[in-house]
Amino acid sequence: MPAEPLLAVTDLAYAYNGVAAVRGVSLDVRQAEIVALLGSNGAGKSTTVKAIAGALKPQAGSIRFDGAAIAGEPSHVVVRKGITLVPEGRLVFPQMTVMDNLRMGAHVLGSKAEVERNVARVVGIFPRLAERRDQLAGSMSGGEQQMLAIARGLMSSPRLIILDEPSLGLMPLLVQDLFRLIKSVNESGVSILLVEQNVHQSLKIAHRGYVMQKGAVALSGTGQELLGNDFVQKAFLGR
Ligand SMILES: Nc1ncnc2c1ncn2[C@@H]1O[C@H](COP(=O)(O)OP(=O)(O)OP(=O)(O)O)[C@@H](O)[C@H]1O
Ligand SMILES: [Mg+2]
């Protein structure tokens, strides 16, 4: 029998003031996978990932991570268990330096030595951040701030990092760099749940993907299967 997936979401539901946003979503992320979560605006992607990360308390469903039930746990507990959400928008601390932003991401870690080890690891993946270690985060370009937000998410040593629309607002050239970086983060051993509007690029790097529509999963398959799917091509790829 195959091992239990790293993350297993079953029949997740969430409503804002009685209005359903997520209705019965089930999805898995296995160890070392990149899984894309796609869907048009308002489909329920951010609500789903916020519930997984403990930012919203699901009203129904189960969320299991590494074999333990985590649905309803607050986000600081979920982070300690090994899931980090990098939310929509570049939420860096603008008045703090790059290095201080990174260290903030590690506040759940016990030892100073581990924090410094993680700084070395993330600047290895994002060398640009080392060059800019003493720059105020708010004065960096949009693309650099997005890299910093992802790097900060990696500072808590997550086993699963959830990226909500990391390419939003980046110019196409930077989007390519960003997808390369996401791949290298994955190759360093971190599983990734990737929410993206950039459907083609996401499916190219994703092992598997899910397409949400109106709060539910409408389609799922491997990256290749979804790239070739008629509905995906018509709805998202303009073919
Ligand atoms: N704080 C909120 N209060 C009320 N309704 C909300 C709230 N946040 C989201 N919604 C609604 O829940 C539904 C799902 O929203 P969600 O943000 O999860 O979609 P999404 O797939 O992430 O969309 P996008 O691609 O635009 O980011 C939408 O109809 C949205 O209007
Ligand atoms: Mg969203």
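These numbers come from a predicted model, not from an experiment. (Residues numbered from 1 in each chain as written. Chains lettered and ligands numbered in written order. Predicted model: local features only at pLDDT ≥ 70, side-chain atom pairs only at ≥ 80, totals over all residues. Heavy atoms only, no water.)

Engineer: How do you make sense of the site of ligand 1 when you look at a structure like this?
Structural biologist: Around ligand 1, the surrounding shell holds 13 residues, and the nearest of these are Gly 42, Gly 44, Lys 45, Ser 46 and Thr 47. For ligand 1, a nitrogen atom lies 3.5 Å from a polar atom in the side chain of Tyr 16. The separation between an oxygen atom of ligand 1 and a polar main-chain atom of Gly 42 is 2.8 Å. Protein chains bury 60% of the 630 Å² of accessible surface belonging to ligand 1 in isolation. Per-element tally for the shell around ligand 1: the top contributor is helix H1 (residues 45-53), with three residues. In terms of residue class, the shell around ligand 1 is built from three nonpolar, seven polar and three charged. (Near = heavy atom within 4 Å. Polar contact = N/O pair within 3.5 Å; in protein donor to acceptor, adjacent residues only side chain to side chain. Areas by Shrake-Rupley, 256 points an atom, 1.4 Å probe, with all protein chains shown as cover. Helix = DSSP H or I, 4+ residues; strand = E, 2+ residues; numbered from the N terminus. Nonpolar A, V, L, I, M, F, W, Y, C, P; charged D, E, K, R; others polar.)

Engineer: Whenever I open this one, the domain arrangement of the chain confuses me. Can you help?
Structural biologist: In many reports, interface size means the accessible area that the parts give up when they come together. Each assigned domain of the chain is listed with its residue range as follows: domain 1 (7-82 + 158-236) and domain 2 (89-148). With 13 residues of domain 1 at the interface, the matching set in domain 2 holds nine residues. Summed over both sides, the interface between domain 1 and domain 2 buries roughly 910 Å², with carbon and sulfur atoms accounting for 65% of that surface. Contact with domain 2 buries surface across domain 1, with Arg 80, Leu 170 and Leu 181 losing the most and accounting together for 37% of the total. The tally of links between domain 1 and domain 2 comes to zero residue pairs in polar contact (both at pLDDT 80 or more). At the level of elements, helix H2 (75-81) and helix H7 (172-187) are the ones that each hand at least two residues to the side of domain 1 that touches domain 2. A total of five residues in the side of domain 1 that touches domain 2 trace back to one element, the largest contributor, which is H7. Looking at side-chain class alone, the side of domain 1 that touches domain 2 contains nine nonpolar, three polar and one charged residues. (Domains from an automatic or database assignment. Contact = heavy atoms within 4.5 Å. Buried area = accessible area lost by both parts, 1.4 Å probe.)

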